[in-house]
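# Examining the three-dimensional arrangement
The lines below spell out each chain.
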Amino acid sequence: MANTATVDELGHSPEVRGKNYLNQTAGVWSWLTTVDHKRIGIMYLVSVLVGFGLGGIFALLVRLELLTAKKTIMDASQYNQAFTLHGAAMVFLFIIPSIPASLGNFFLPLMIGAKDVAFPRLNLLSLYLYWIGAIFMLAAIVTGGVDTGWTFYVPYASGVSTTSVISATFGVFVMGFSSILTGLNFIVTLHKLRAPGMSWYRMPLFLWSLYATSIIQVLATPVLGITLLLLIFERAFHIGIFDPTLGGDPVLFQHFFWFYSHPAVYIMILPGMGVATEILATNSQRRVFGYKAIAFSSVAIALVSFLVWGHHMFVSGQSELSSAIFSFLTFFVAIPSGVKMFNWLGTLWGGSIRFTVPMLYGIAFLFLFGIGGLTGLFLGMLSVDLHLHDTYFVVAHFHYVMMGSTAIAFFGGLHHWWPKMTGKMYDEKLARVGFALTFIGFNWTFFTQFILGTRGMPRRYYNYLDQYQPLHAFSTYGSWVLGLGFLITFICLARSLKTGAPAPANPWDSATLEWQTQSPPITENFEKAPIVTLDAYERPAEETA
Amino acid sequence: MRLDPIELGSFWMPKQSSTIAQEIDTAWYIVYWLDVVMFVGLMVPLAYFMYRYKRRTAKDKVSDVTHSTTLEITWTIIPSIMVIGLFFVGLSGWMKAMVAPGNALEIRTTAEMYMWTFTYPNGNVSVNELVVPKGQPVKLIMSSKDVLHSFFVPEFRVKQDVVPGTYTTVWFEATENRDTILFCTEYCGVGHSDMMARVRVMEKADYDTWQETGLMPGEKPLPPAELGKKLYATRSCNTCHSLDGSRIQGPTFKGVFGRTEQIADGTSVKVDENYIRESLLEPNKKVVSGYPAVMPTYKGLLKETDIDALIAYLKTVQ
């Protein structure tokens, strides 16, 4: 049986026994100069988790400040920096690179039976660019902070703010190249390095989602780069692109910014959808229902994502006709998202469902993405958006999508692939406690904010009306439960590195290729290049009988 | 500023205090109930499958159905029709919110870090207080002096960004004879969350009286010195002129009336009714020596009665 497979049963020869990508070579230098996609993936994983921790601390500080209607622990300018850094760290340091650069880097080659990505050195360069960008962002924090909001809206960011806007935006600019290079690498790898027999339709659906994500990364990120560069020039040399006192147009900045940043929302969510698909398929023990529908809906979301940026700007002063067109197109994001949802349910139907820790995250993903997706319909409606725009309703909605869906899928994926990456099993009981607190704390914190938003509470407010205080306090209490949940999860995973039992090759009895090598894998991934004879998620005949 | 809270009309929404609020709320409830039905429609099967298909043995028989074209088409087309319907529901209310009636009262609105200034058709000005008549469409012609701001009145369900270098407009017709709150909803800096204003809705007759006399409904005319004291605070005299003899931007008001001041050009002047009047209307004509000539003119911003009141008040500051 696959779930008890040992190294011997995988047919590894005695020479590779006991060797893996972690112990092949040793020392910091061997890591810093590695071109192994697995080691790069691990370094990305550690980096994005640090980014998540940083963003999380700022999040808890923001919530703590909002415990009371006036000053609680910090003054207004510190608060403005805290929410800006929360947003910037979570978006640029954590969520955009999170799944693709860590789990994607590690598993994309394994899942197609390849030895590495197409351009291993470029892969390492992309990690270094991420680090350099992150250093600029951290430098901004210590040299005066940033208080513009993660959106860097002009003319505040170009002419008024006295904080380190240039350092922060330059950091984001550099990290953009990291994102482009990763996307490019994945596209070429998927086209050129699939194992014999691994046709496009035999690829695990996670890879379709990464493919769609990569297309967006390559096509949209340059626009962000140009925009931020213009912003830097405007701030430093007063060139007059966006600032009306110099002859510029502040609404133009919003068009440029959202032309990237809306597709970027799908850079964030598509990989999460892909991870959820893997978890649901593995733990239902059956082939994914509607494989092609899920695959093409990823591509459809990627394409539609380029046509809906204006829905961030319904009240910005853009033309009424533009708003109407953008609203109409926005609703078509709902269709492929709905198709995915239905097919995930179809995958559970008639399956043999195990409630492993990753599966709990997978089911939580369906629940939270359901809420996150459906509440998007409110904001797509022109008239309703007039009331809800820039209120806590929007905050709640995108946290349900970004955190409730993507971050939950990321942590699900982390638990799913942890045994493969580290060769260790974690304490399932403790992991369940961590999950439960995260799930409860998340809904506690953010569902409350839907109510705050419809009642008119604006975003990014340091002081607020007394009448909103009870709900704000309630939301803050939830954030403590949420923080505790993540803390327990981190402790659980960290502990497993020391005390965890050795992981078998395929602990979840999964049908995809990355489980057909030892845990952790050898540097070359597979001792013999695999030949694929089965469809995606299909099991050998004797096993399904 | 003391503001009354926003009153709730339901669990979710503030009271409906404008003519378009009801249509926007109806649209909100349509998508709300649709979402509730769809969410339950997704979660009930999810819960049922979790129960029904929970693994019993390692050899559970699993379904080998991998797709259904009929189902795929069904769950593509039905949601498509639903969301197109939602689009039109949203469009309809929004078109009404975008097009102001021709007879709307136009109020020029200026946003800056961190205050709202409203200029009415007869030249009257109010700061951080928007006064509008009930039952008449009001159209705001808005612009910003510095960064982006946004005009949001939750009870009216209207929102529009205020942009430097261009005009944006918003309109509403208030239906409730009561005060409510205006928020700035585009992040604009350190004072963003304090950039609120009171919206005072009153009967048309009361509005006309206020325009003419500055008196709110039920308000008796103040004695000149008291009105002057109020103006000293509300028209920002106090940001430059102290009452206790300390120097801020301009000369202190302590004992100002009757004092003889050295003027920058070398002459001197005794502070009397005419000098105060002149300094309000043409402040840079006779600047007291040693002070910067930075005071803005109040020409057109103060009524005759206001000037009289300020003079009366300054006589009392000793």
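Here the structure is a predicted model, which means the values were calculated and not measured. (Residues numbered from 1 in each chain as written. Chains lettered and ligands numbered in written order. Predicted model: local features only at pLDDT ≥ 70, side-chain atom pairs only at ≥ 80, totals over all residues.)

### Here's the deal with the sheet that holds strand β8 (residues 168-173) of chain B
Residue and element names in this part refer to chain B. In spatial order, the strands read β3-β2-β1-β5-β8; together these five strands make up an open sheet with mixed pairing. Two strands bound the open sheet, and with one partner strand each, they are β3 (125-127) and β8. The average angle at which neighbouring strand axes cross in this sheet is 25°, direction not considered. In this structure, strand β2 (residues 115-119) lies alongside β3, joined through three bridges in antiparallel fashion. Note that in β3 the partner of Thr119 across the bridge is Val125. (Pairing = 2+ DSSP bridges. Helix = DSSP H or I, 4+ residues; strand = E, 2+ residues; numbered from the N terminus. Axes fitted to C-alpha atoms, helices over the stretch in contact; angles between N-to-C directions.)

### Some points on helix α10 (residues 320-330) of chain A
Of all the positions in α10(A), only Ser323(A), Phe326(A), Ser327(A), Phe328(A) and Thr330(A) are classed as buried. Those residues of α10(A) that are buried lie in contact with α12 (357-380) and α13 (382-388) of chain A together with α2 (69-98) of chain B. (Buried ≥ 20, exposed ≤ 12 C-beta atoms within 10 Å, placed from the backbone. Contact = placed C-beta atoms within 7 Å.)

### Focus on the sheet that holds strand β9 (residues 179-184) of chain B
Residue and element names in this part refer to chain B. The sheet built from five strands is open, its strands ordered β4-β10-β9-β6-β7 with mixed pairing. The open sheet is flanked by β4 (129-133) and β7 (158-162), the only strands paired with a single partner. Taken pair by pair, the neighbouring strands of this sheet meet at an average axis angle of 25°, ignoring direction. Lying on the sheet, helix α3 (residues 204-213) is in contact with β4 and β10 (197-202); it crosses β4 at an angle near 130°.

### Topic: the domain arrangement of chain B
Domain boundaries in chain B define domain 1 (1-49 + 69-220) and domain 2 (224-316). Spacing between the C-alpha centres of domain 1 of chain B and domain 2 of chain B amounts to 40 Å. (Domains from an automatic or database assignment.)

### Re the UniProt feature "domain: Cytochrome c" (unreviewed entry) in chain B
Mapped onto the present numbering, the UniProt feature "domain: Cytochrome c" (unreviewed entry) falls at residues 223-318 of chain B. Across residues 223-318 of chain B one finds 34% helix and 6% strand; the C-alpha atoms that close the span lie 19 Å apart. (UniProt positions renumbered as here; feature names shortened; annotations may be inferred.)

### As for the UniProt feature "transmembrane region" (unreviewed entry) in chain B
UniProt records the feature "transmembrane region" (unreviewed entry) at residues 30-51 and 72-95 of chain B, using the numbering of this structure. In residues 72-95 of chain B, the share of helix is 100% and the share of strand is 0%. The end C-alpha atoms are 35 Å apart.

### Some thoughts on the UniProt feature "domain: Cytochrome oxidase subunit I profile" (unreviewed entry) in chain A
The residues that UniProt annotates with the feature "domain: Cytochrome oxidase subunit I profile" (unreviewed entry) are residues 23-533 of chain A. Taken end to end, residues 23-533 of chain A is 69% helix and 0% strand, and its two terminal C-alpha atoms sit 32 Å from one another.

### Comments concerning the confidence of the model for chain A
Looking at chain A as a whole, the pLDDT averages 94, with 96% of positions reaching at least 70. Taken as a whole, residues 1-8 of chain A scores under 50 in pLDDT and shows 14 contacts with residues more than four places along the chain or in a different chain. (pLDDT = per-residue confidence, 0-100.)

### A closer look at the packing of helix α14 (residues 392-422) of chain A against helix α15 (residues 428-454) of chain A
Residue and element names in this part refer to chain A. At a closest axis distance of 7 Å, the pairing of α14 and α15 adopts a crossing angle of 165°. Between α14 and α15, the angle is such that the two are roughly antiparallel. Where α14 crosses over α15, the handedness of that crossing is left-handed. Judged by residue contacts, Tyr392, Phe393, Val394, Val395, Ala396, His399, Tyr400, Met403, Gly404 and His415 of α14 engage Ala431, Phe442, Phe446, Phe447, Gln449, Phe450, Leu452, Gly453 and Thr454 from α15. A per-class count over the contact of α14 with α15 returns 13 nonpolar, six polar and no charged. (Parallel < 35°, antiparallel > 145°, perpendicular 65-115°, else oblique. Left-handed = near helix turned anticlockwise from the far one by under 90°. Nonpolar A, V, L, I, M, F, W, Y, C, P; charged D, E, K, R; others polar.)

### Here's the deal with the pairing of strand β1 (residues 105-112) of chain B
Residue and element names in this part refer to chain B. Pairing geometry for β1 and strand β5 (residues 137-144), over seven bridges, is parallel. Along β5, the bridge assignment pairs Ala111 with Ser144. With five bridges connecting them, β1 and β2 associate as antiparallel partners. Looking at β2, one finds that Thr109 is bridged to Phe118. With antiparallel pairing between neighbouring strands as the criterion, β1 and β2 make up a hairpin whose turn holds two residues.

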